[in-house]
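Spelled out, the chains give:
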Amino acid sequence: MIPYFVMTNVTHALFVSIGITVVVCITFGFFKNYAVLRTKRAGFYGAAQTLFVGTIAAGTSYGIVYGVDHSSLHA
């Protein structure tokens, strides 16, 4: 949320927020698996897995909000 508070252009803030989220997902996923299995290969797999799950979650959230916003129940 910080990019939205410090940037005047909302579109730029969105892309900065996406970039930060991608970096955090990759970093967290790598260290999560590396801490458990102690191999770089496991770390890279964890990074890819966490990024994939994060992408699916973001897409699903977007789809739900889009669907609610464009539903016939919306006044």
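This text goes with the structure placed above it.
First, a word on scope: everything that follows refers to the structure included in this document. Here the residue numbers are simple positions, counted from 1 along each chain's written sequence. At least 70 in pLDDT is required for a residue's local features to be given in this predicted model, at least 80 for side-chain atom pairs to be given and counted, and no such filter applies to totals for whole chains, interfaces and linings, which use all residues. Each side-chain value is derived from all of the structure's non-hydrogen atoms; neither hydrogens nor water enter the calculation.

When two helices pack together, their arrangement is captured by the angle between the axes and the distance separating the axes. Here an axis means a line fitted to C-alpha atoms, over the contact stretch when the element is a helix, while the angle between two N-to-C directions is reported on a 0 to 180 degree scale. Per the convention used, a helix needs a DSSP run of H or I reaching at least four residues, while a strand needs a run of E reaching at least two, with both numbered from the N terminus. Two elements in contact, helix 2 (residues 10-37) and helix 3 (residues 40-69), have axes whose closest approach is 7 Å; the angle formed by their N-to-C orientations is 140°. The angle between the axes of helix 2 and helix 3 places the two elements in the oblique class. Where helix 2 crosses over helix 3, the handedness of that crossing is right-handed. On helix 3, the residues touching Val22, Cys25, Ile26, Phe28, Gly29, Phe30, Lys32, Asn33, Tyr34 and Leu37 of helix 2 are Lys40, Ala42, Gly43, Phe44, Tyr45, Gly46, Ala47, Gln49, Thr50 and Leu51. For this classification, under 35 degrees means roughly parallel, over 145 means roughly antiparallel, 65 to 115 means roughly perpendicular, and everything else is oblique. For a crossing to be left-handed, the near helix must be turned anticlockwise from the far one by less than a right angle; the clockwise case is right-handed. We call two residues in contact when some of their heavy atoms are within 4.5 Å.

What follows covers the packing of aromatic side chains. Working definition: a ring pair exists when centres of Phe, Tyr or Trp rings (six-membered ring for Trp) sit within 6.5 Å. Plane angles under 30 degrees give stacked, over 60 give edge-to-face, the rest tilted. Within this structure, the stated rule accounts for four aromatic pairs. A ring pair is formed by Phe30 and Tyr34, whose centres lie 5.7 Å apart and whose planes are at 10°; its orientation type is stacked. Taken together, the positions of Phe30 and Tyr34, both in helix 2 and four residues apart, correspond to about one turn of that helix. Residue burial is assigned from relative accessible area. The probe radius is 1.4 Å, only protein chains are included, and a residue is buried under 20% of its type maximum, exposed over 50%, and partly exposed in between. Phe30 sits in the buried class, given a relative accessible area of 16%. Residue Tyr34 is classed as partly exposed on the basis of its relative accessible area of 29%. By the ring-pair criterion, three or more aromatic residues cluster together here, those being Phe30, Phe31, Tyr34 and Phe44.

Attention now moves to a nonpolar patch on the surface. Residues form patches when they are more than 30% accessible in relative terms and have no salt bridge. Like charges link within 9 Å. Nonpolar side chains (Val, Leu, Ile, Met, Phe, Trp, Tyr) link within 5 Å. Areas reported as accessible are Shrake-Rupley estimates using a 1.4 Å probe. Residue values count occlusion only from the protein chains shown. What makes a salt bridge here is a side-chain nitrogen of Lys or Arg within 4 Å of a carboxyl oxygen of Asp or Glu, nothing more. On the surface, a cluster of nonpolar side chains totalling about 1,100 Å² of accessible area is made up of Met1, Ile2, Tyr4, Phe5, Val6, Val10, Leu14, Phe15, Ile18, Val22 and Ile26. Residue assignment for the nonpolar patch shows that the elements contributing at least two residues are helix 1 (2-6) and helix 2. The dominant element in the nonpolar patch, judged by the number of residues it contributes, is helix 2, at six residues. For Ile26, the position within the fold is in helix 2.

So, about helix 2. The terminal C-alpha atoms of helix 2, which comprises 28 residues, lie 40 Å apart, in line with the 40 Å expected from a rise of 1.5 Å per residue. All buried positions along helix 2 are accounted for by Ala13, Ser17, Cys25, Gly29, Phe30 and Asn33. Residues of helix 2 that are buried make contact with helix 1 and helix 3. At the C-terminal side of helix 2, Arg38 shows a positive phi close to 60°. The span you would expect from a helix comes to 1.5 Å times its residue count less one.

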